[in-house]
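A structural walkthrough
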Amino acid sequence: MDRKNKILVVEDQVWVRRMLLEALQGEGYEVYGASSGPEALLVAEEKKPDIAVIDMTIPGMDGLTLISKLREINLNIRSILISGNSEKKYIERALEEGAYAYLVKPFDISSLQNLIKHALAS
Amino acid sequence: MYYDLVKSNFTIIKDPTVFEDLFTQRSYKILDDPAVFVKEGSHIVVVENEAEKENSAGYTFTINTTIVTNKDGIAGIIIYCEDKGKSEKVQKDPSNRKSSLEENLAVIGELAASAVHEIKNPLFSIRGFLQIIDNTFAEDDKRKEYVRIMISEIDRLEGLVRDFLMLARTRPDSKEQVAVCELIREVAELYKSSFEKKKVKFRLQAQDESVSVCGNWEQLEQVFINLIQNALEAMEEGGSLDIVVSKTEEKVIIEVRDNGKGISPDAEKKIFSPFFTTKKNGTGLGLFLSKKIIEDHNGKIYFSSAEGKGTAFFLEFPIQGTPVDV
Ligand SMILES: Nc1ncnc2c1ncn2[C@@H]1O[C@H](COP(=O)(O)OP(=O)(O)O)[C@@H](O)[C@H]1O
Ligand SMILES: [Mg+2]
């Protein structure tokens, strides 16, 4: 049970990705980054992350497609979507299609940290 | 070569020929095609097709590349190409050009929308890094306060950018019959937890629940978001927010009334001006924008306020039959 929880961050904006990775590493997780959908799938195959933090508009495939493909690799993975889009319909659809949570950018990083704690505990 | 790229959505190329161009240390040449140079990140690339040079149409791809490295160096590149189809060559024929002000504005609007997107991401990373820094300071460190100020300034910038985007989108796009009460309820739903938190009692009264105006849903939604947000911000110690919808023969009147702190006589003349704000984190664009949207809808907005007692905003829209295309 001493295994560190693994988190995959999929975000194409390089400094946003780095920031999220550092913020989560600081919480003691093992973190991996990817900048596109296809790359995320490669990393997920190899590292089997527990949580994926996914930007909605990454290159390669949209965030929702990536969620369902990640599920094929690991049924128990929890995906948290992050996006600048705050339209209600858009968010509802994302949650219906299997996202564990949806955060509107820019958010407080402590919200993400809390959400991940919650996701791992449940 | 580009045809291959289109067919295979996703290619791994071993041993890429590394190519350093003048502008960047991280450019890579894909195979031998001189038309495509990419660097890490996302790009739009137009590939000219030799065979079709005469009509000089190109193919547009969005290309995203990721350099995969291991201890021996570069192991390969992952390239993702999205075919955007044949790019339309800009029509040079002057008879085809709508060189109107309206078109220029539309272009500016589009530009602003993507600029906003480009601004938001760096703001977000700056904000996050500041929070990381903040966690490294002791509780009584003065630098903690500086970080707090920086974060609050970033939030203000973010608000400005968001309002600008709304401004850019304010075009009399598609108009439809908008059910006013339904729209107001939907906006109020967004504020449900804020109402509870701030102990604000919200009520919507309507003479006729089905009353509608001809307009654009998203834009009108924005107006009510601005008005409700302002009302909430004016009521520090709870209060009540009442929206009353009524109509006459020729118009729909919507009253948005709060019993917050009111508007000072000094500020009254200025509240619709861009960037006028009395709030620490305000943008001063909310009412300016709302007024612009309402006027776009052939309506008007006015208010009455008493300092310390409250404020009421009144919106009037003309009643029309079903919208007809001109
Ligand atoms: N309901 C209200 N009660 C009191 N003052 C208000 C209200 N609505 C607007 N104002 C005043 O008008 C100013 C401009 O409002 P607005 O354009 O929405 O910008 P902002 O909310 O960012 O300050 C506010 O800063 C405030 O002083
Ligand atoms: Mg406002």
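Refer to the structure presented above.
Figured I'd write up the structure that's included with this text. (Residues numbered from 1 in each chain as written. Chains lettered and ligands numbered in written order. Predicted model: local features only at pLDDT ≥ 70, side-chain atom pairs only at ≥ 80, totals over all residues. Heavy atoms only, no water.)

1. Some points on the site of ligand 1
Residues and elements named next belong to chain B. The test is simple: We call a residue near a molecule or strand whenever a single non-hydrogen atom of that residue lies within 4 Å of it. The term polar contact refers here to a pair of N or O atoms within 3.5 Å; inside protein, the definition further demands a hydrogen-donor-capable atom paired with an acceptor-capable atom, and it admits residues adjacent in sequence only when both atoms are side-chain atoms. Per-residue accessibility takes into account occlusion by the displayed protein chains alone, with areas from the Shrake-Rupley method and a 1.4 Å probe.
Around ligand 1 there are 20 residues in total, and Asn-230, Thr-277, Thr-278, Lys-279 and Leu-287 lie nearest to it. Here an oxygen atom of ligand 1 sits 2.7 Å away from a polar atom, N or O, in the side chain of Lys-279. Here Thr-311 contributes a side-chain N or O atom positioned 3.4 Å from a nitrogen atom of ligand 1. Burial of ligand 1 by the protein amounts to 94% of the accessible area it has alone, namely 530 Å².

2. Overview of the side chain of Asp-55 of chain A
Residue and element names in this part refer to chain A. What counts here: A run of H or I in DSSP becomes a helix once it reaches four residues, and a run of E becomes a strand once it reaches two; helices and strands are each numbered from the N terminus. Burial classes follow relative accessibility: with a 1.4 Å probe on protein chains only, a residue under 20% of its type's maximum area counts as buried, one over 50% as exposed, and anything between as partly exposed. We call two residues in contact whenever any of their non-hydrogen atoms come within 4.5 Å of each other.
Looking at the secondary structure, you find Asp-55 in strand β3 (residues 51-55). Take Asp-55: its relative accessible area is 4%, and that puts it in the buried class. In this structure, Asp-55 is in contact with Val-10, Glu-11, Asp-12, Gly-63, Ile-82, Ser-83 and Lys-105, ignoring residues within four places of it in sequence.

3. Concerning the interface of chain B and chain A
To keep it simple, the criterion reads: Two parts placed together each lose some accessible area under a 1.4 Å probe, and adding up what both lose gives the buried area. When a carboxyl oxygen of Asp or Glu is within 4 Å of a side-chain nitrogen of Lys or Arg, the pair counts as a salt bridge. Following the grouping adopted for this structure description, the nonpolar residues are Ala, Val, Leu, Ile, Met, Phe, Trp, Tyr, Cys and Pro, the charged ones are Asp, Glu, Lys and Arg, and the polar ones are all others, Gly among them.
Each partner contributes to the interface: chain B provides 17 residues, whereas chain A provides 23 residues. Of the roughly 2,000 Å² buried between chain B and chain A on both sides combined, carbon and sulfur atoms contribute 66%. When residues of chain B are sorted by the area they lose upon contact with chain A, Asn-121, Phe-124 and Phe-129 of chain B head the list and together hold 29% of the total. Viewed at the interface, chain A and chain B are joined by one salt bridge. Across the pair Arg-127 of chain B and Asp-108 of chain A runs a salt bridge, and its minimum N-O distance is 3.3 Å. At the junction of chain B with chain A, the criterion picks out four residue pairs in polar contact (both at pLDDT 80 or more). Those elements that place two or more of their residues in the side of chain B that touches chain A are β6 (58-70), β7 (73-86), α2 (101-134) and α4 (180-190) of chain B. Here the residues of the side of chain B that touches chain A are counted per class, giving seven nonpolar, six polar and four charged.

4. Some points on the sheet that holds strand β13 (residues 300-306) of chain B
Residues and elements named next belong to chain B. Quick reminder of the rule: By definition, two strands form a pair when at least two bridges between them are found by DSSP. Fitted lines through C-alpha atoms give the axes, limited to the stretch in contact for helices. The angle between two N-to-C directions lies from 0 to 180 degrees.
Strand order across the open sheet formed by five strands is β9-β11-β12-β14-β13, with mixed pairing between neighbours. For this open sheet the edge positions go to β9 (200-206) and β13, each flanked by a neighbour on one side alone. Between one strand and the next, the sheet's axes are offset by a mean angle of 10°, whatever the strand orientation. Inspection of the sheet shows β9 paired to strand β11 (residues 239-247) by seven bridges, in the parallel sense. Its bridge partner being in β11, Lys-201 is matched across the sheet by Ser-240. With respect to the sheet, helix α6 (residues 217-234) is in contact with β9, β11, β12 (251-258), β13 and β14 (310-318), its orientation differing from that of β14 by roughly 170°.

5. Description of the nonpolar core
Formally: Among buried residues, the Ala, Val, Leu, Ile, Met, Phe, Trp, Tyr and Cys ones that are joined through side-chain atoms within 4.5 Å form a nonpolar core.
In terms of nonpolar packing, the biggest core is built from 42 residues, with Val-245, Ile-254, Phe-313 and Leu-315 of chain B touching the most fellow members. Those elements that provide at least two residues to this core are α4, β9, α6, β11, β12, α8 (286-296), β13 and β14 of chain B. Here this core takes eight residues from α6 of chain B, the largest share from any one element. Beyond its immediate stretch of four places on either side in the chain, Leu-315 of chain B contacts Val-223, Phe-224, Leu-227, Val-252, Ile-253, Ile-254, Ile-294, Lys-300 and Ile-301 of chain B. Core analysis: the next-biggest nonpolar cluster, separate from the first, contains 23 residues, Val-10, Tyr-32, Leu-64 and Ala-94 of chain A among them.

6. Details of the packing of aromatic side chains
Residues and elements named next belong to chain B. Using the following cut-off: Here the aromatic set is Phe, Tyr and Trp, taking the six-membered ring for Trp, and pairing holds for ring centres within 6.5 Å; pairs whose planes are under 30 degrees apart are stacked, those over 60 apart are edge-to-face, and all others are tilted. Only lysine NZ and arginine CZ atoms are considered, and such an atom sits over a ring when it is within 6 Å of the ring centre and within 35 degrees of the ring normal.
Throughout the structure, instances matching the rule amount to six aromatic pairs over all chains. Measuring from centroid to centroid gives 6.3 Å for Tyr-191 and Phe-195, while their planes differ by 35°, and the two rings are tilted. The pair formed by Tyr-191 and Phe-195 is uniform in burial state, with each residue classed as buried. With a centroid separation of 5.4 Å and 20° between ring planes, the pair formed by Tyr-302 and Phe-314 is classed as stacked. Of the two residues, Tyr-302 is situated in strand β13 and Phe-314 in strand β14; the sequence distance between them amounts to twelve residues. A residue is classified by how much of its surface remains accessible, and Phe-314, at 18% relative accessible area, is buried. Put simply, the rings of Tyr-191, Phe-195 and Phe-202 touch in pairs and so form one group of aromatic residues. The aromatic ring of Phe-272 is capped on one face by Lys-291, whose charged end is 5.6 Å from the ring centroid.

7. A closer look at α8 of chain B
Residues and elements named next belong to chain B. Inclusion rule: In this description, one arc is meant: the one made by directions from the helix axis to the C-beta atoms.
For α8, the full list of buried residues reads Gly-286, Leu-287, Leu-289, Ser-290, Ile-293 and Ile-294. Taken end-on, α8 shows its buried residues confined to a sector of 160°, consistent with a single buried face. Where α8 terminates, the next one or two residues include Asn-298, which has phi positive at roughly 60°.

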